[in-house]
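Summary of structural features
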Amino acid sequence: MIELKGVTKRFKTVTAVDSVDLTIKKGELFGLLGPNGAGKTTIIRMLTTLALPSSGQIIISGYDVKRELTQVKAQIGVVPQHMNVDNELTVWENLELHGRLYKMPKGKRLGRIEELLEFIEMTDRAHDPCGILSGGMKRRLMMARALLHEPKILFLDEPTVGLDAHSRHKIWNLIRKMNEMDLTVLLTTHYIEEAEMLCHRVALIDQGKLVKMGTPDELKMQVGKIVVEQICNGEVTYQFFSGREAAAEYAANLKGKVIIREANLEDVFVKLTKRKVGE
Amino acid sequence: MDWYTVFWKQWRIFKKRFWKIFSSSLVNPLLYLIVFGWGLGRNIQVEGGSYMQFVIPGIIAMTTMNTSYNAVANPLNISRIYYKTYEEYIIAPISSFSVVLGEVLAGSGRGMFAGLIVLLLSFLFGVNFQISPLFILIMFVNSFLFASLGVVAAMVIDSHEDMAMFSSFVIVPMAFLSNTFFSLQNVPEAVSYLIQIMPLTHTAKSLRAISLGMPVPWVSILILPVIAVILFIVAVRITLRVE
C-alpha cells in the first residue's frame, strides 16, 4: 500500500531523512515512533506531497508520488500536526471547502459531511466558527476533513500532541474506528503509549534513520520482557530479562532504589539508540 | 471551475465581514477626499480643472491598488506561514492556476468594491466627472494586476515583517508618487521617467483622461494588462510549489 525505497531528504545543512526503506500493508495501523526532530514529520510530508524526496522512491497504492501526483492525491487523507482549520469559517464551511476542493458532487458532499459530523460527534457544532473550538474539537474536525473524500490511506502527524487525556482517548477511538473501516493508517508520535496501544506495527525512527521495525511485542522481545531499573547515585541503569523470576533474582542483590516492571517501547528505544524518545 | 472553490471561500469570508470591510473601505478614501480635495485643494487649479476633479481618479487608482493587494497578500502570506491552511491547497488535487485565479479574482472583487465606494463618495461630494465602461475596465485590470502582485509577494516573502517592509518600500511610495496626487507637468525629467515605470501611474493617467473627457492614453491602457498577465503568470509558477 505504501512503499518507501531508499528515501532521503537533505536540507541545506542536515540530512533529515536518511535512506529509509519501509513497506506498509493494506489495512495496517502503522506508527512512526521517535523523538522530536527525528524526521517523522519530514517522512509524512514527503508521503503527502508536501515535500519532495532528495532521492529514493515513494509508491502509494501503486502510484509513484513523483510522476502520478494526481492519482496519489485522491488516495490519501492528511491530518497535519499544525491545527490548520480555517478559523474564519464554520465547521461546516471547512468541510464544504474541502469537499469542493476534491470535486465531490454536491449530493454526495452534503451527505458525507453530515455522516462525518456525526462520526466526530460534532453535529451540534456544525455552524460554530472554528475560532471558538477547543484543540480536541479542531483535531476531530481535521480528521473528518481528511476522511471526507473517502481516501484509502490516512496520514496523521502527531494526532494527539497538546491534548488532554480525555480528548486523547477520543482521538484514539476515532483512529481505531477508522482503521476498522478498512482504512490504512500511518501516524507519527513521540508518545510511547500511543504507539503501543494503537499501532499494529511500529518503526523506531532516530536521527533520520529507521532503527527497528516490528509489532510492539516483537520489539519488546528484542530487549527482554522484564526490566530491572536501578537508581543509584542519581544514575539509572537498566537490565533486561525474559522472565520475572530471573529478574527478581538479579534485583535481590542490588543496592539503591530498584524497580521491576514490564518493558515498553521506550526501553527498546533506549537500548537501541542510547537515547530516550522523550528527549 | 476549480478556481471558483477558492473564490467561494473568500466570498464567504467577505459576507461575514461585510460591515467591517465596508466601513474600512469608506474611511481611507473619505479622509483623502477631505484632506486633499476639500482641505488643501479647494482653490488649486490643476491641468485645467479643479483639484478635486484631478485627484479623484488618483484616489480610485490608489484605492483599487491598495485594497486588492492587501486583500490577497497578507491573508495568503499568513495562511502559508502561520496558519498553514494553504497546505490544504497543496495536498488537494487542484492546480496552481486555479488557486491563483480564485485568489486574484477575489482580490480584484475587493478592489472593485472599494473603488466603487470612492466613485459613490465622489458623486456625493458633487464632483463633476465622466465615467465609461473603459473606466470601469481599467479599474478592474488595475485590481487584477495588484492582486496578482499580492500573490507573488505572499509566496516569495517569508516573514510578516518583510511583508510590511515590501509594503512600505513598494506599495506606499507607489500610492503617493504615481501621478495620483500631483501632476507630472512640473516634475524633473529624470524623476518623471522613474514614475513612468510604476504601473499605477498608467492607471491614474488613464482614469484621469477618461474622467476629464480628454484623449485616451492608449499606450498606458495597453501596458496595464501586459503587466497584469506577466505578474499572474509569475504567481501561477510559484504557487503550490514544493521542495
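Residues numbered from 1 in each chain as written. Chains lettered and ligands numbered in written order. Predicted model: local features only at pLDDT ≥ 70, side-chain atom pairs only at ≥ 80, totals over all residues.

What about the interface of chain A and chain B?
Contacts between the two partners involve 21 residues from chain A and, on the opposite side, 18 residues from chain B. Broken down by element, the residue count for the side of chain A that touches chain B peaks at five residues, all from helix α3 (residues 91–101) of chain A. Broken down by class, the residue content of the side of chain A that touches chain B amounts to 10 nonpolar, six polar and five charged. (Contact = placed C-beta atoms within 7 Å. Helix = DSSP H or I, 4+ residues; strand = E, 2+ residues; numbered from the N terminus. Nonpolar A, V, L, I, M, F, W, Y, C, P; charged D, E, K, R; others polar.)

Topic: helix α4 (residues 106–119) of chain A
Residue and element names in this part refer to chain A. Taking 1.5 Å per residue as the helical rise, α4 with its 14 residues ought to reach 20 Å, and the 20 Å between its terminal C-alpha atoms agrees with that figure. The inward-facing, buried residues of α4 contact α3 and α5 (135–147). Following α4 by one or two positions, Glu121 adopts a phi angle in the positive range, close to 55 degrees. (Expected span 1.5 Å × (residues − 1).)

Focus: the sheet that holds strand β10 (residues 209–214) of chain A
Residue and element names in this part refer to chain A. Strand order in the open sheet formed by six strands is β6-β7-β8-β3-β9-β10, and the pairing between neighbours is mixed. Each end of this open sheet is capped by a strand with a single partner; those strands are β6 (76–79) and β10. Geometrically, the sheet is characterised by an average inter-axis angle of 15 degrees between neighbouring strands, direction not taken into account. Across four bridges, strand β3 (residues 29–33) lies against strand β9 (residues 201–206) in parallel orientation. Considered in β9, the bridge of Gly31 is made with Val202. Across the sheet, helix α6 (residues 165–180) lies against β3, β7 (153–157) and β8 (184–189), angled at about 150 degrees from β8, the strand it touches most. (Pairing = 2+ DSSP bridges. Axes fitted to C-alpha atoms, helices over the stretch in contact; angles between N-to-C directions.)

Notes on the pairing of strand β11 (residues 226–232) of chain A
Taken residue by residue, a regular strand's side chains alternate between the two faces of the sheet. Residue and element names in this part refer to chain A. As paired strands, β11 and strand β12 (residues 235–241) are joined by seven bridges and run antiparallel to one another. What sits directly across from Val228, in β12, is Gln239. What sits between the antiparallel neighbours β11 and β12 is a turn of two residues, in which Asn233 has the positive phi angle 50 degrees. Pairing geometry for β11 and strand β13 (residues 257–262), over six bridges, is antiparallel. Bridged to Val227 within β13 is Arg261.

Everything listed here is a matter of coordinates, which is why it stays silent on function.
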